[in-house]
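Residue-level listing of the chains:
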Amino acid sequence: MGSNKNTYSFEYEEYLNSDALSPADKALVEAARKVTADAYAPYSHFNVGAVALLKNGQTINGTNQENASYPVTICAERVLMSAASVLHKDVPIQTMAITYHNLNGSSIKPASPCGMCRQALKEYEDRTKTPIRLLLTGMEGKVYVITQSSQLLPFSFGGDDLK
Ligand code: THU
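Here the structure is a predicted model, which means the values were calculated and not measured.

## A closer look at the site of the ligand
Around the ligand, the neighbouring residues are S44, F46, V48, N64, E66, T73, C75, A76, E77, S112, P113 and C114. E66 is positioned such that a nitrogen or oxygen atom in its side chain is 2.5 Å from an oxygen atom of the ligand. Measuring from an oxygen atom of the ligand, one finds a backbone N or O atom of C114 at 3.1 Å. Bound to the protein, the ligand loses 78% of the 370 Å² it would expose on its own. Partitioning the shell around the ligand into residue classes produces six nonpolar, four polar and two charged.

In structure tokens form, the structure reads like this:
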């Protein structure tokens, strides 16, 4: 036999709604839902809100920032990480809550960070040597709890691959 069949899998928790979370996680989810109002999304009308709890106890917000030149747009997660890098240099992110809504203001399916943000999250984990917990949710309903954001990026590319 010249080949192996391998499997990639990871466990995550699913909560029925934010009331089922710990008080700290619930607060983070509620803060992220609130911050969607601050998104600058005049083109997609897809408002994304992210709030992170840092290891130093501070919280940082992020919202998507769009641009008439569409590719210039920055996602909420990367806006958040840039702000954290500047305002709290080298402080690890413990947990990040991410949510969104479109023009009608509601959403039920948990948020799914885009590929570019998954790559940026991995780099943040690597540079701070700390896994980032994710709370993925909509404006109501289910919350997925992911232990480590890089679990969402199997076969990832990172600094070690450049050596
Ligand atoms: N967006 C985010 O902010 N985060 C994601 O993970 C997915 C997409 C934003 C980018 C753009 O402003 C809008 O959502 C539609 O793609």
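## Observations concerning the packing of aromatic side chains
Overall, the coordinates contain five aromatic pairs when judged by the stated rule. Arranged with centres 6.2 Å apart and planes meeting at 45 degrees, the rings of Y8 and F10 form a pair that is tilted. A relative accessible area of 42% means that Y8 is categorised as partly exposed. Taking 5.2 Å as the distance between ring centres and 70 degrees as the angle between the ring planes, the aromatic pair formed by Y12 and Y144 counts as edge-to-face. Separated by 132 residues along the polypeptide, Y12 in the segment before β1 (13-15) and Y144 in strand β6 (residues 143-146) bring together distant segments of the chain. These aromatic residues form a ring-pair network of at least three members: Y8, F10, Y12 and Y144. One Lys or Arg, R127, reaches over the ring of Y124 and ends 5.4 Å from the middle of that ring.

## Quick word on the sheet that holds strand β3 (residues 59-63)
The strand order across the open sheet formed by six strands is β1-β6-β5-β4-β2-β3, and the pairing between neighbours is mixed. Two strands lie at the open edges of the sheet, namely β1 and β3, each paired on one side alone. In this sheet, adjacent strand axes meet at a mean angle of 15 degrees when their direction is disregarded. Bridge count for strand β4 (residues 93-101) against strand β5 (residues 133-137) is four bridges, and the pairing is parallel. Looking across to β5, one finds that M96 is bridged to L134. In the packing of helix α1 (residues 23-35) onto the sheet, contacts are made with β2 (47-54), β3, β4, β5 and β6, and the angle to β2 comes to roughly 145 degrees. Against the sheet, helix α2 (residues 76-87) makes contact with β2, β3 and β4, and its axis sits at roughly 140 degrees relative to β3, the strand it touches most.

## Some remarks on the environment of S150
Tracing the chain through its elements places S150 in the segment after β6. Look at S150 and you get buried, because its relative accessible area is 18%. Every residue in contact with S150, bar those within four places of it in the chain, is listed here: Y8, K122 and E125.

## Focus on the pairing of β5
Most of β5 sits inside the fold, with four of its five residues counted as buried. In this fold, the crossover linking β4 to β5 by way of helix α3 (residues 115-128) has right-handed handedness. The turn joining β5 and β6, which pair antiparallel and follow one another in sequence, is formed by five residues; a positive phi near 85 degrees is taken by G141.

What counts and what doesn't
- Numbers given to residues run from 1 along each chain, matching the order in which its sequence is written.
- For this predicted model, a pLDDT threshold of at least 70 governs which residues receive local features, and a threshold of 80 or more governs which side-chain atom pairs are given and counted, while totals over whole chains, interfaces and linings are taken from all residues.
- Where side-chain values are given, they derive from all heavy atoms of the structure, hydrogens and water being excluded.
- Residues are labelled near a given molecule or strand when at least one of their non-hydrogen atoms is within 4 Å of it.
- Whenever two N or O atoms come within 3.5 Å, that pair is a polar contact, provided that in protein one can donate a hydrogen and the other can accept it, and provided that, for residues adjacent in sequence, both atoms are side-chain atoms.
- In this description, accessible areas are obtained by the Shrake-Rupley approach with a 1.4 Å probe, and a residue is regarded as covered only by the protein chains that are shown.
- Asp, Glu, Lys and Arg are counted as charged, while Ala, Val, Leu, Ile, Met, Phe, Trp, Tyr, Cys and Pro are counted as nonpolar; the rest, among them Gly, fall into the polar class.
- Any Phe, Tyr or Trp ring, taking Trp's six-membered ring, that has another such ring centre within 6.5 Å forms a pair; planes under 30 degrees apart are called stacked, those over 60 apart edge-to-face, and the others tilted.
- Buried means the residue's accessible area, taken with a 1.4 Å probe over protein chains only, is under 20% of the maximum for its type, while exposed means over 50%, and partly exposed covers the values in between.
- A run of DSSP states H or I qualifies as a helix once it reaches four residues; a run of E qualifies as a strand once it reaches two. Both are numbered from the N-terminal end.
- Whether a charge lies above a ring is judged from NZ of Lys or CZ of Arg, which has to be within 6 Å of the ring centre and within 35 degrees of the ring normal.
- Here, strands pair whenever DSSP counts at least two bridges between them.
- To get an axis, a line is fitted to the C-alpha atoms, and for a helix only the part in contact is used. The angle between two axes follows their N-to-C directions and goes from 0 to 180 degrees.
- Contacts are residue-level and defined by heavy atoms, with any inter-residue pair within 4.5 Å sufficient.
- The definition of a right-handed crossover adopted here requires that, viewed with the strands pointing away, the path from the first strand over the helix to the second runs clockwise.

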